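Secondary and tertiary structure notes
The lines below spell out each chain.
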Amino acid sequence: MKHLQMHLIICLFVLSQISCHEIHQSGTALQKDRDSLTVAIADSLIRNDPWVRYTYTERQGKQLFEQYCVVCHGQSGEGDGFNAYNLNPRPHSLSDSTYMKALSSETLTETISFGGKGVNKSVLMPAYQNTLSKTQISKVVVYIETFTQTVFKSINL
Ligand code: HEC
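Quick notes on the rules
- Residues numbered from 1 in each chain as written.
- Predicted model: local features only at pLDDT ≥ 70, side-chain atom pairs only at ≥ 80, totals over all residues.
- Helix = DSSP H or I, 4+ residues; strand = E, 2+ residues; numbered from the N terminus.
- Buried ≥ 20, exposed ≤ 12 C-beta atoms within 10 Å, placed from the backbone.
- Core = buried A, V, L, I, M, F, W, Y, C linked by C-beta atoms within 7 Å.
- Contact = placed C-beta atoms within 7 Å.
- Expected span 1.5 Å × (residues − 1).
- Near = placed C-beta within 6 Å.
- Nonpolar A, V, L, I, M, F, W, Y, C, P; charged D, E, K, R; others polar.

Residue position: glutamine 136 is located in helix H7 (residues 134-144). Taking the number of C-beta atoms within 10 Å as the measure of exposure, glutamine 136 has 17 and is therefore partly exposed. As a C-alpha pair, glutamine 136 and glutamine 60 span 76 residues in sequence and 8.2 Å in three-dimensional space.

Take a look at the structure:
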């Protein structure tokens, strides 16, 4: 009998701790739950429609990137396009956020407009100032910047 009482007391204690923990769940913990829910919802939306995460301008940039850049830079900008084995140096990953933080939109625009030669990088990076308009280049830049984005601007969750 004493044993049973002891068990009951322990159970009640454990239960009280659990509910107290839930009641006192901090703001940051709730925010974390909310964030992971947001990511899960965004994930499933993207699986149904890969374009959904992009704004209209980003979509236009993506289309240009896929037409002109993917051969060397790869679909996700990892520097692993089918032509990349020919390149020395290979293009750096455009989704490496630490590396990309140092490259402003202006620098990206210059690199794409004037090529590697224009910014003291490999001449194997072509210049696009005569191929793409300034507006098109700005759209490609906006798209490149999505490689390091974790929050999807076009989805208001
Ligand atoms: C023929 C292959 C090739 C094509 C096509 C190409 N690139 Fe590149 N790109 C390179 C190489 C190689 C580098 C690396 C230069 C270096 O690090 O010296 C590079 C570098 C870059 C960089 C600079 C990143 C850094 O490390 O500073 C940007 C931005 C870039 N490319 C964007 C583009 C865009 C946008 C397009 C399409 C409009 C494009 N590239 C098309 C080969 C290519």
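Our focus in this paragraph is the nonpolar core. With ten residues, the main nonpolar core is built from Phe65, Cys69, Leu94, Leu108, Ile112, Ile137, Val140, Val141, Tyr143 and Ile144. Going through the elements one at a time, helix H6 (105-118) and H7 are the ones with two or more residues in this core. By residue number, the principal contributor to this core is H7, which donates five residues. Contact partners of leucine 108, with chain neighbours within four places excluded, come to Leu103, Val141 and Ile144.

Here helix H2 (residues 27-48) spans 32 Å end to end across 22 residues, near enough to the 32 Å set by a 1.5 Å rise per residue. The buried fraction of H2 is low, at zero of 22 residues.

Moving on to the site of the ligand. In the vicinity of the ligand lie 23 residues, with Cys69, Cys72, Lys121, Ser122 and Met125 positioned nearest. Sorting the residues of the shell around the ligand by element identifies helix H3 (56-68), helix H4 (70-73) and H6 as the ones contributing at least two each. Among the elements that line the shell around the ligand, the one with the most residues is H6, at four residues. Grouping the amino acids of the shell around the ligand by side-chain chemistry returns 16 nonpolar, six polar and one charged.

Look at H6: only 15 Å from first C-alpha to last across 14 residues, short of the 20 Å you get at 1.5 Å a residue. Buried within H6 are the following residues: Leu108, Thr111 and Ile112. In the core, the buried residues of H6 are packed alongside H7. Just past H6, the residue asparagine 120 takes up positive phi, approximately 60°.

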